[in-house]
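Now for the letters of each chain:
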Amino acid sequence: MRKFITILMAAMLSVNCFADKKGDQYEIDVNVSSNYDEGELILWDKRAPSKEEASEWKQARKEKNKRLGPVSPWMSLVDRAPVDKGHAKLKGTVEKDDIRFVRYIVHEGKKDGVFTGKLGGEIGFILEPGNIKVTQKGWEVEVSGGHYNEIVLGYAKTDEFIAARQASTLAFNKGANKELSLEEKDAFNKEGARHRDLAGTIEREHLKDVAMNSRDPYARKLALLRVRDQNIEWQLAVSKELLNESGVSDWAKEYIAQLEFRLKVMKNSNGGQNGFMGKKIPEISQKDMDRNLVPLKDVLSDAKYVLVDFWASWCGPCRAESPYIKQAYDKYHQHGFEIYAFSLDEDADEWAEAVEEDEANWIHVSDLKGWKSPVVGTFQVRGVPSNFLVEAKTGKVIGVNMRGLDVEKKVEELLGK
């Protein structure tokens, strides 16, 4: 009898262990058939690479075709699977405390035997136990299944959000037509930006509601991690409430420290870049491609209006803005308009190559330190492209982060042309 009980208890333990393991299992079916027939799907999240890894990766990029490889050291591998006839299937386990946002890429993806991109899209969803289906069509992604995917990312299935995203994509696609004039492109791009901002508002309000009102502390945590909102105070208040919730309290303590640091930085920045409006532009003196110092004050002394532009060769949106800036420069340089472009590149050859490709024949400077440049902090640059329009005679900023034809129209107005 005692032997029977021992065997029965062992069997019960094995069933319980299996049940726990099964409860932690995920099965993910990713359909990328509209973009790829084959390749390798890589599931990843972010990590900080060592200096050696970053250096080796940059060197490898130089030696290989830029469109094809290799995978970045900023990616921490979570799972991987081959893409077969447009589908990839992933299976694994994830514990509840490790439920998190992940992204996937399709490495060396092919469609009809032709390479369709370097890595494919960086698309995100929540890695959690259960059956999850991900369907990608172009840059649009539908995620179904998974408790937290349904709660936290529920906004993505609303008619209002879908309509805004589709309208944004349609407008941006129209604006990408190379046969259009810059004026026509600008109109489509601004329309796309309006719809994109509407979609962003829908997303932000949904995530804020989940973070503030959900009874599930894990859902609240995930919503906080996902939301993009400059109002840090409410995020801080929610995080403090999570200090008393089992399973997320340690995370909340660390996140509160991050939020408090961000809040301190924001308060010390005096409104970020918009805080520069009406104030004198900080002095900057950096080296051009021939490594000669070019002080901004000297440029201001020879011009009427100067656009201080922050960009990088690797920044797609920056390169997309280049034709608009060039048109403004070509029209009004002889009337006193100048551009002082600071690059966040770290590679001098890539910087020079981009300038030549864009036929950007204005003033270019850089310290080749990328985001570690002290200039980035001085000008509160949080992303590129970024710019300041300066009235030369006063040195005061009269425009911030202007896009498309906005620079040309403003300079035309100022010069009375």
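Refer to the structure above for everything that follows.
Residues numbered from 1 in each chain as written. Predicted model: local features only at pLDDT ≥ 70, side-chain atom pairs only at ≥ 80, totals over all residues. Heavy atoms only, no water.

Mind showing me how you'd approach the overall build of the protein chain here?
A tally of regular secondary structure across the protein chain gives 13 helices and 16 strands. Burial analysis of the protein chain (417 residues in total) assigns 44% to the buried set. Look at the contacts in the protein chain between residues 6 or more apart in sequence, and 68% of them connect residues 24 or more apart. In the structure as shown, the protein chain presents an accessible area of about 23000 Å², 51% of it carried by carbon and sulfur atoms. (Helix = DSSP H or I, 4+ residues; strand = E, 2+ residues; numbered from the N terminus. Buried < 20%, exposed > 50% of the residue type's maximum accessible area, 1.4 Å probe, protein only. Contact = heavy atoms within 4.5 Å. Areas by Shrake-Rupley, 256 points an atom, 1.4 Å probe, with all protein chains shown as cover.)

Help me understand the state of the cysteines in this model?
Covalently bonding the sulfur atom of one cysteine to the sulfur atom of another cysteine gives a disulfide. On inspection of all chains with the given rule, the structure shows one disulfide. A sulfur-sulfur separation of 2.3 Å characterises the disulfide bridge that pairs C315 with C318. One quick way to see it: the torsion about the S-S bond of C315 and C318 is about 80°, and its sign makes the bridge right-handed. For the pair shown, C315 and C318 are each scored as buried. (Disulfide = S-S within 2.5 Å.)

Is there a simple way to explain the side chain of D309 in this structure?
Structurally, D309 is set in strand 12 (residues 305–311). Of the buried charged residues, D309 lacks a salt bridge, with R403 as the closest side chain of opposite charge at 6.5 Å. Apart from the residues lying within four places of it in its own chain, the contact partners of D309 are I325, I339, Y340, A341, F342, S386 and N387. (Lys, Arg positive; Asp, Glu negative; His and termini not counted. Salt bridge = Lys/Arg side-chain N within 4 Å of Asp/Glu carboxyl O.)

Looking at this structure, how should I read helix 7 (residues 232–241)?
Because each turn of an α-helix spans 3.6 residues, side chains separated by three or four positions end up pointing in the same direction. If you check which residues of helix 7 are buried, you get I232, W234, Q235, L236, V238 and S239. Those residues of helix 7 that are buried lie in contact with helix 5 (182–213), helix 6 (217–226) and helix 8 (249–268). Its side-chain oxygen 3.2 Å from the backbone nitrogen of E233, N231 forms the N-cap of helix 7. (Polar contact = N/O pair within 3.5 Å; in protein donor to acceptor, adjacent residues only side chain to side chain.)

Can you walk me through the packing of aromatic side chains in this structure?
Two numbers describe a pair of aromatic rings. These are the distance of the centres and the angle of the planes. Here the structure, examined in full by the defined rule, presents 10 aromatic pairs. Look at W251 and Y255: their rings are 4.7 Å apart centre to centre, the planes differ by 20°, and that puts the pair in the stacked class. One end of the pair is W251 and the other is Y255, both in helix 8 and four residues apart, which spans about a single turn. In this structure an aromatic cluster arises from ring pairing among F276, F310, F342, F379 and F388. (Phe/Tyr/Trp six-rings, centres within 6.5 Å; stacked < 30°, edge-to-face > 60°.)

I'm lost on empty space enclosed by the protein in this one. Help?
Per the counting criterion, the structure on display carries one cavity of 30 Å³ or more. Taken as a whole, the largest cavity spans an internal volume of roughly 110 Å³. Around the largest cavity, the lining is made up of 14 residues, and of these D309, W311, C318, S322 and W362 lie nearest the centre. When contributions to the lining of the largest cavity are tallied by element, the ones reaching two or more residues are strand 12 and helix 10 (316–332). Examining the composition of the lining of the largest cavity, we find that five residues originate from one element, helix 10, more than from any other. Tallied by class, the residues present in the lining of the largest cavity amount to eight nonpolar, two polar and four charged. (1 Å grid on protein atoms, 1.4 Å probe; cavity = no way out; pocket = protein on both sides within 12 Å on 5 of 7 lines; lining within 4 Å. Points joined across faces, edges and corners; volume = space filled by probe spheres on them. Nonpolar A, V, L, I, M, F, W, Y, C, P; charged D, E, K, R; others polar.)

When you look at the nonpolar core in this model, what are you seeing that I'm missing?
Generally speaking, soluble globular proteins have nonpolar side chains that are buried together. With 48 residues, the main nonpolar core has L296, F310, F337, Y340 and F388 as its most contacted residues. With six residues, strand 12 is the single largest residue contributor to this core. Among residues more than four places away in sequence, those in contact with F337 are Y305, L307, A328, Y329, Y332, L389, V407 and V411. Grouped together as the second largest cluster of nonpolar side chains are 32 residues, Y148, A164, I202 and W234 included. (Core = buried A, V, L, I, M, F, W, Y, C linked by side-chain atoms within 4.5 Å.)

Mind showing me how you'd approach the sheet that holds strand 15 (residues 386–391) here?
Within a sheet, adjacent strands bond to each other through the backbone by hydrogen bonds, running parallel or antiparallel. Ordered in space as 14-13-12-15-16, the five strands form an open sheet in which the pairing is mixed. Whereas interior strands pair on both sides, the edge strands pair on one side only; in this sheet they are strand 14 (363–365) and strand 16 (396–400). Across the sheet, the mean angle separating the axes of adjacent strands is 25° when strand polarity is ignored. For strand 12 and strand 13 (residues 337–343), the ladder comprises seven bridges, and the chain directions are parallel. Of the residues in strand 13, the one forming a bridge with F310 is F342. (Pairing = 2+ DSSP bridges. Axes fitted to C-alpha atoms, helices over the stretch in contact; angles between N-to-C directions.)

Just geometry here; none of it tells us what the structure is for.
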